[in-house]
Amino acid sequence: MPIALMFFALALTVAVLWRFPEYRLGAIGALVVIAGVFGTYFYVSEPTETTQNAAIDPDKLALRDVDFLVDPRFITMLGQVQNLADNANLLEMSLELRALDCPQSDSPVVECIVIGDDEGTARVTVPPQQLRAFRAVFMLRNLPEVSGVLRWNYTLVSTRAQPL
């Protein structure tokens, strides 16, 4: 809202300057006062990012029932995440998804060839010790033909949380 008010004040000042050139000095003075007020407001008020920049250790999250919906351009990862932390609400988590061409369905990951990867974000609010559904979308383009078995490998990269 403060940004909208600042834009409105700027637009009003420009309109006054254009329509009534004799009020230029007063309009510029008003603009300086308005800029000072908004500058003070932004300096004094604490940004919400600092209170939401905490991270939950990836070991404190449990992913369950993960499934993939494959379409020609996008891969959608669906599942459930449980927040095992006691001191923070999970707000979002970043995941890295890799498409693997494996010789067999039970081959170790080190024997597979990575044929595509992308990073995606799941925005989901999960209070401590609770479970919620999540959804993350990845864009994997130009995937080659799979000579073996297509497998998905995902890693939880980072989180954003709000401390309690």
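A brief report on the enclosed structure follows. Keep in mind that this is a model prediction, so the values were computed, not measured. (Residues numbered from 1 in each chain as written. Predicted model: local features only at pLDDT ≥ 70, side-chain atom pairs only at ≥ 80, totals over all residues. Heavy atoms only, no water.)

Considerations on the sheet that holds strand E6 (residues 149-163)
So, point 1. Spatial ordering of the open sheet is given by E4-E3-E6, a layout of three strands whose pairing is antiparallel. Each edge of the open sheet carries a strand with a single partner, namely strand E4 (113-126) and E6. Averaged over neighbouring strand pairs, the angle between their axes works out to 15° when direction is ignored.
So, point 2. Relative to E4, strand E3 (residues 88-102) is paired through eleven bridges, and the arrangement is antiparallel. Across the sheet, residue Ala99 finds its bridge partner in E4, namely Gly116. (Pairing = 2+ DSSP bridges. Helix = DSSP H or I, 4+ residues; strand = E, 2+ residues; numbered from the N terminus. Axes fitted to C-alpha atoms, helices over the stretch in contact; angles between N-to-C directions.)

Description of unusual backbone geometry
So, point 1. Positive phi outside glycine occurs at Asp65, with the angle close to 45°.
So, point 2. Within the secondary structure layout, Asp65 lies in strand E1 (residues 61-70).
So, point 3. Among the residues examined, Asp65 registers a relative accessible area of 60% and is labelled exposed.
So, point 4. The phi dihedral of Asn142 is positive, around 55°, even though this residue is not glycine.
So, point 5. Within the secondary structure layout, Asn142 lies in the loop between strand E5 (131-139) and E6. (Buried < 20%, exposed > 50% of the residue type's maximum accessible area, 1.4 Å probe, protein only.)

Regarding the pattern of salt bridges
So, point 1. On inspection of all chains with the given rule, the structure shows three salt bridges.
So, point 2. Residues Glu92 and Arg123 are paired through a salt bridge, measuring 3.5 Å at the closest nitrogen-oxygen approach. Taken together, the positions of Glu92 in strand E3 and Arg123 in strand E4 put the pair 31 residues apart, joining distant regions of the chain.
So, point 3. For Glu92, a relative accessible area of 16% gives the class buried.
So, point 4. Two residues, Arg98 and Glu96, come together in a salt bridge whose shortest N-O distance is 3.9 Å. (Salt bridge = Lys/Arg side-chain N within 4 Å of Asp/Glu carboxyl O.)

Remarks on the environment of Phe74
So, point 1. Mapped onto the fold, Phe74 is located in strand E2 (residues 74-83).
So, point 2. A relative accessible area of 34% places Phe74 in the partly exposed class.
So, point 3. Along the chain, Phe74 and Arg141 lie 67 residues apart, while their C-alpha atoms are 8.1 Å from each other.
So, point 4. Setting aside anything within four residues of it in sequence, one finds Phe74 in contact with Leu69, Val137, Phe138 and Met139. (Contact = heavy atoms within 4.5 Å.)

A look at the nonpolar core
So, point 1. Among the nonpolar cores identified, the biggest contains 23 residues, and Val81, Leu90, Met93, Leu95 and Phe134 are the most heavily contacted of them.
So, point 2. At the level of secondary structure, the elements contributing two or more residues to this core comprise E1, E2, E3, E4, E5 and E6.
So, point 3. Of all the elements, E3 adds the most residues to this core, at six residues.
So, point 4. Those residues in contact with Leu90 that sit more than four places away from it in its chain are Ile56, Leu61, Val81, Asn83, Val124, Thr125, Val126, Thr159, Arg160 and Ala161. (Core = buried A, V, L, I, M, F, W, Y, C linked by side-chain atoms within 4.5 Å.)

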